[in-house]
Amino acid sequence: MSSRISALDAVVFGVDVQSGDVRGDAPSYAVVAFDGEQFDRDVVSHRKLRRLIDREEPAIVATDNVYELAADKDALVRLLGSLPDETKLVQVTGDQQPEPLSRVASRHGVPYGKKPMKEAEAAARLAAANVGCEVSAFTDTTEVKVARGRSTGKGGWSEDRYTRRIHGSVKRRAREVESALDDAGLDYEMDETEKYGGYANAVFTVEARPSALPVSANRSGDTRVEIERVRRDGIEFRPLAKRRDHVLVGIDPGTTTAVAIVGLDGQVLDVLSTRTADTADIIEWIIERGRPVVVAADVEPVPSTVEKMRRSFSAAGWVPERDLPVDEKQHRTREEGYDNDHERDALAAALHAFDDYADTVERIGEKVPPRIETGAVIARVVAGEESVEAVLDDLADDDGSDESEETHEPRELTAEEKRIKHLESRVERLDAHVEDLEATIEEKDETIAEYERELSDAKRKERREARERREVNRLERENEQLERKLDAQHEETEQVEAKLSRLKELWRLDHSNFADVAEKRQGLVPVKPVAKFTTSALRAADERWELAPGDVVYLRDASGAGRSTAETLAEREPRLVLKAGGLSEVAREILFEHEIPTAPAEDVTIEELDDLAVARENEVETAIEGWRERAEQRRKSQTGEMVDKLISEHRADSEVRSTSGSSSGRRGGSTASDETA
């Protein structure tokens, strides 16, 4: 489309299928952009049409059938969800049962042609004139969801802190959204799910469209914000132009003014009572709900306020012969809803006026042909005191009949012509009535079918729930049986553990080699075994044995330890480390620096029973003395190596200085000789 059209406001796109089908591979569309004065035309693919709508954001996308743009209802819902917030999808031919586009265009005086570009132009013109129905699958309510941006997952030692941080971030972001909605003055409801450290999520149901929200969808670190409009139960077709029917109005003036609106069929449409609105506000309220034919009061004479409003509407007035009694008002309004006596009085006035005009309305309705609005005729007959025939002739002239523009003297119809005209009018009314009845029957058939589907769904749901209840009961019984078995197993385990503990005590008392385990004075010391020389194994041993300074630690596998593991063991300050296998050079150096004695496990006799281990005190002391001797020799060796290194470095420095001095002397001597020569 040209840049000229894209810069205009309130642009309407008319769309019609040029070739192909949306259910096929590559449909193309005739697109007409209409700004109220000029047109811009193009033929585009389905994908380009979607991009064009996203870029131009027209006020209306109009078509004669929305299923030319979407293959089915699900695709239509997705299309509606993808449109810009301010763009409406309009079907100009009506609701779920559309009329032919040619008929609608003819009725509204819009040029029409059978070519796709002409049909697209007609759709654009009709939508610009508020003809057609807006297609909607979403309400004006929006859900804003603040949730975790990443999974809590497994965090090792820091899992709790990690989870608490994420939930805290969600709570802070939810508070920011809540504050923004409050500042914007939007109505909303908040539903949060509290978790450890904050919120797992928070859902705001806001009474506004997404374009009016002060927040946007995003994902940042620990949180994400999702915005989604609330779906309707189905797809709704809403007329673009709101119809204002002719009505009867009852008014009860005073400190509290009450107004009642009643349709020409006697149905109560709306009731209002107010202490603050002035006459202009009340008149505006009435205009929004219909065009008054009769303005009625419940007292005689008519109050000046009621008379002023009647004249402003050019409507007929109605007052009772005498003030309406309270019991008569209550009886006439017994089936209607009202909040106070003022509304009751206004309702009674409007309903009594309807009772008086009911025969007149029915008589006029019988004479009006289907193509003419009955309310307009009733208004002119009742308020303007014209005859029905005169009004019908006037309306027929206004609609533009096939009569000649030349003036002719009226001709008296014969009795047969009058009868034919009367019968034709009657046939038209009966045909219209038959159409209404057929439409009612079809609507009721659809309602019955819908109820049958709902009943079938309810039966299936009930059967499914019954199966689920049976399955739940069965699983609960199995669970109870398993719990009883588990309780019995726990009791048996406790008995066996108690028996095993007693047997261990008896075994210790019965064996001389371990008879002195409990008494250190007999020369035994406890040994705390560690499965491997790793950080996790040290932690497990610490939790089990509580490693403390002065302990004898037995490394069942001393290989593979690094610096951090050796430092972890050194921090416990053990008395002696017995090792099976060789230590790494790094671990050996760390333990030596911290003066932690080490010795091969085979140098000390370790006796084990289950998880108990002991060693002889004299062997432990011998192992410690042996380490001290080795450590002293190592220190001496390191000291000697250091002295040798220092001497070597000193000699090297002396030789360098001597060499440089000799060279300088030689250079000085040659210079003196040269001078002498």
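Please read all numbers here as calculations on a predicted model, not as lab measurements. (Residues numbered from 1 in each chain as written. Predicted model: local features only at pLDDT ≥ 70, side-chain atom pairs only at ≥ 80, totals over all residues. Heavy atoms only, no water.)

### What about the overall build of the protein?
If you tally the helices and strands in the protein, you get 17 helices and 21 strands. Sorting the 677 residues of the protein into buried and exposed places 34% on the buried side. Summed over its atoms, the accessible surface of the protein is roughly 42100 Å², and 46% of this surface lies on carbon and sulfur atoms. (Helix = DSSP H or I, 4+ residues; strand = E, 2+ residues; numbered from the N terminus. Buried < 20%, exposed > 50% of the residue type's maximum accessible area, 1.4 Å probe, protein only. Areas by Shrake-Rupley, 256 points an atom, 1.4 Å probe, with all protein chains shown as cover.)

### As for the packing of helix α7 (residues 279-289) against helix α8 (residues 304-313)
For the pair α7 and α8, the least separation of the axes is 11 Å and the interaxial angle reads 50 degrees. Classed by the angle they form, the pair α7 and α8 counts as oblique. For the element pair α7 and α8, the recorded crossing hand is right-handed. Between α7, through Thr279, Ile282, Ile283, Ile286 and Ile287, and α8, the contact on the second element is made entirely by Met309, Ser312 and Phe313. Its residues placed into classes, the contact of α7 with α8 shows 6 nonpolar, 2 polar and no charged. (Axes fitted to C-alpha atoms, helices over the stretch in contact; angles between N-to-C directions. Parallel < 35°, antiparallel > 145°, perpendicular 65-115°, else oblique. Left-handed = near helix turned anticlockwise from the far one by under 90°. Contact = heavy atoms within 4.5 Å. Nonpolar A, V, L, I, M, F, W, Y, C, P; charged D, E, K, R; others polar.)

### Re the environment of Val146
Its location among the elements puts Val146 in strand β6 (residues 133-148). Take Val146: its relative accessible area is 0%, and that puts it in the buried class. Along the sequence, Val146 and Arg173 sit 27 residues apart, while their C-alpha atoms lie 7.2 Å from each other. Not counting residues within four places of it along the chain, the set of residues in contact with Val146 comprises Val170, Arg173, Ala174, Val177, Asn201, Ala202, Phe204, Arg224 and Val225.

### Details of the sheet that holds strand β12 (residues 257-263)
If you walk across this open sheet you meet the 5 strands as β13-β12-β11-β14-β15, and the pairing is mixed. Strands with a single pairing partner mark the edges of an open sheet, and in this sheet they are β13 (268-274) and β15 (316-318). Across the sheet, the axes of successive neighbouring strands diverge by a mean angle of 25 degrees, strand direction being ignored. The pairing of strand β11 (residues 246-252) with β12 spans 6 bridges and is antiparallel. In the strand pairing of β12, Val247 is matched with Gly263. Most of the contacts of α7 go to β12, to which it runs at about 15 degrees, and overall it touches β11, β12, β13 and β14 (291-296). (Pairing = 2+ DSSP bridges.)

### A short note on unusual backbone geometry
Looking along the chain, the bond that leaves Glu300 and enters Pro301 is cis, with omega of 10 degrees. The topology assignment puts Pro301 in the loop between β14 and α8. Positive phi, close to 50 degrees, is recorded for Glu57, a residue that is not glycine.

### Quick look at a positive patch on the surface
On the surface, Lys459, Lys461, Arg463, Arg464, Arg467 and Arg470 cluster together into a patch of positive charge. Within the secondary structure layout, Arg464 lies in helix α13 (residues 415-510). On the basis of relative accessibility, which here comes to 40%, the residue Arg464 falls in the partly exposed class. (Patch = residues over 30% accessible without salt bridge, like charges linked within 9 Å, V, L, I, M, F, W, Y side chains within 5 Å. Salt bridge = Lys/Arg side-chain N within 4 Å of Asp/Glu carboxyl O. Lys, Arg positive; Asp, Glu negative; His and termini not counted. Charge placed at Lys NZ, Arg CZ, Asp CG, Glu CD.)

### Topic: the nonpolar core
Phe13, Leu76 and Leu89 are the most contacted members of the largest nonpolar core, which has 29 residues in total. Sorting the residues of this core by element identifies β1 (12-19), β2 (28-34), α2 (46-56), α3 (73-82), β6 and β10 (223-239) as the ones contributing at least two each. Per element, the largest residue contribution to this core is 5 residues, and it comes from α3. Discounting residues that sit within four places of it in the chain, Leu89 has contacts with Val61, Val66, Leu69, Leu76, Leu79, Leu80, Leu83, Cys133, Glu134 and Val135. Within the second largest apolar cluster, 22 residues are counted, among which are Trp318, Ala349, Ile378 and Leu392. (Core = buried A, V, L, I, M, F, W, Y, C linked by side-chain atoms within 4.5 Å.)

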